[in-house]
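Chain and residue survey
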Amino acid sequence: MKAAIILNSPNLNRHIDEEVVIAADKGYEFALKQGIIPDIVIGDFDSSAIPTNLNVLKLNVEKNETDGQEALAYAIKKGYDEIAIYGISGGRLDHEMGNLSLLKSGEEQGVSMVGKEYDVDIYFKSKGKYAFKTQKGKEFSIITFMEDSIISNGIGVKYPIDDLRLSSNSLGRAISNVAIKDEISFEVLEGGVLIFLYR
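Residues numbered from 1 in each chain as written. Predicted model: local features only at pLDDT ≥ 70, side-chain atom pairs only at ≥ 80, totals over all residues. Heavy atoms only, no water.

Before going further, it helps to spend a moment on the nonpolar core. Ranked by internal contacts, the top residues of the largest apolar core, which has 29 residues, are I16, I142, I151 and F186. Among the elements that make up this core, the one with the highest residue count is strand β12 (residues 183–198) (six residues). Excluding anything up to four places from it in sequence, I151 contacts I142, I161, D162, D163, L164, L166, F186, E187, V188 and V193. Counting residues in each nonpolar core, the second largest holds 27 residues, with L7, M113, F124 and F196 among its members. (Core = buried A, V, L, I, M, F, W, Y, C linked by side-chain atoms within 4.5 Å. Buried < 20%, exposed > 50% of the residue type's maximum accessible area, 1.4 Å probe, protein only. Helix = DSSP H or I, 4+ residues; strand = E, 2+ residues; numbered from the N terminus. Contact = heavy atoms within 4.5 Å.)

As structure tokens, this is what we get:
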């Protein structure tokens, strides 16, 4: 089952494809601008007014989890196993890092996650083999996330990916590679990485 989570971000500028929409706090305003009524709005509403005539789950302002974390937990509890998150970027840098961690959190709970920004799809993947559809000539980047990583066996890529060690001290090591086919693939041997596929 598929669902979208809409975060509060000034960079919300991509069409929502999923039928089920969960808005985190002010994210509901973006959904409404697209003519989409969120199935539920979850938040403490410290950055927006509580919406009227919408299904709302009001959270305490003082809490350990962000509104995005609460929205993800809600979606997983409801059984959604494919979740797209809109609005990861564009806000405060600390919020962006927290938003990226939602991709990791969902994947570690067995959910297929993707972050959807205007010009890029973002994934988190840990140990395993992965293939992604793209277009020849499109750029992509791989960045280690929260730990050192090793990636290898790159196929369909311009710059070799072969036992490539990615360190938190050199995050630019695998940025701006280029697809030479309409599909790229590689293997994560150790750690976990963020994949940025430009559209």
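Here the narrative resumes.
Moving on: the confidence of the model for the protein chain. Scored by pLDDT, the protein chain comes out at a mean of 94, with 100% of its residues at no less than 70. Across the protein chain, the element-wise mean pLDDT spans from 91 in helix α1 (residues 27–33) up to 98 in strand β11 (residues 177–178). (pLDDT = per-residue confidence, 0-100.)

Side chains that carry opposite charge are capable of pairing whenever their charged atoms lie near each other. Across all of its chains, the model carries nine salt bridges by this definition. K125 is the salt-bridge partner of E107, the closest N and O atoms lying 3.2 Å from each other. Separated by 18 residues along the polypeptide, E107 in helix α3 (residues 93–108) and K125 in strand β7 (residues 120–133) bring together distant segments of the chain. Here E183 and K133 are joined by a salt bridge, their closest N and O atoms 3.2 Å apart. In this pair, E183 sits in strand β12 while K133 sits in strand β7, placing the two residues 50 residues apart along the sequence. Here E183 falls in the partly exposed class, since its relative accessible area comes to 35%. On the accessibility criterion, K133 (68% relative accessible area) is exposed. Bridged by salt links that share partners, the residues D17, E18 and K116 form one connected network. (Salt bridge = Lys/Arg side-chain N within 4 Å of Asp/Glu carboxyl O.)

The next thing to look at is unusual backbone geometry. Positioned with a positive phi, D25 is a non-glycine residue whose angle comes to about 55 degrees. As for its placement among the helices and strands, D25 is situated in the loop between β2 (21–24) and α1. With a relative accessible area of 2%, D25 lands in the buried category. Phi is positive for D163, close to 50 degrees, though the residue is something other than glycine. Residue classification places D163 among the partly exposed residues on the basis of a relative accessible area of 48%.

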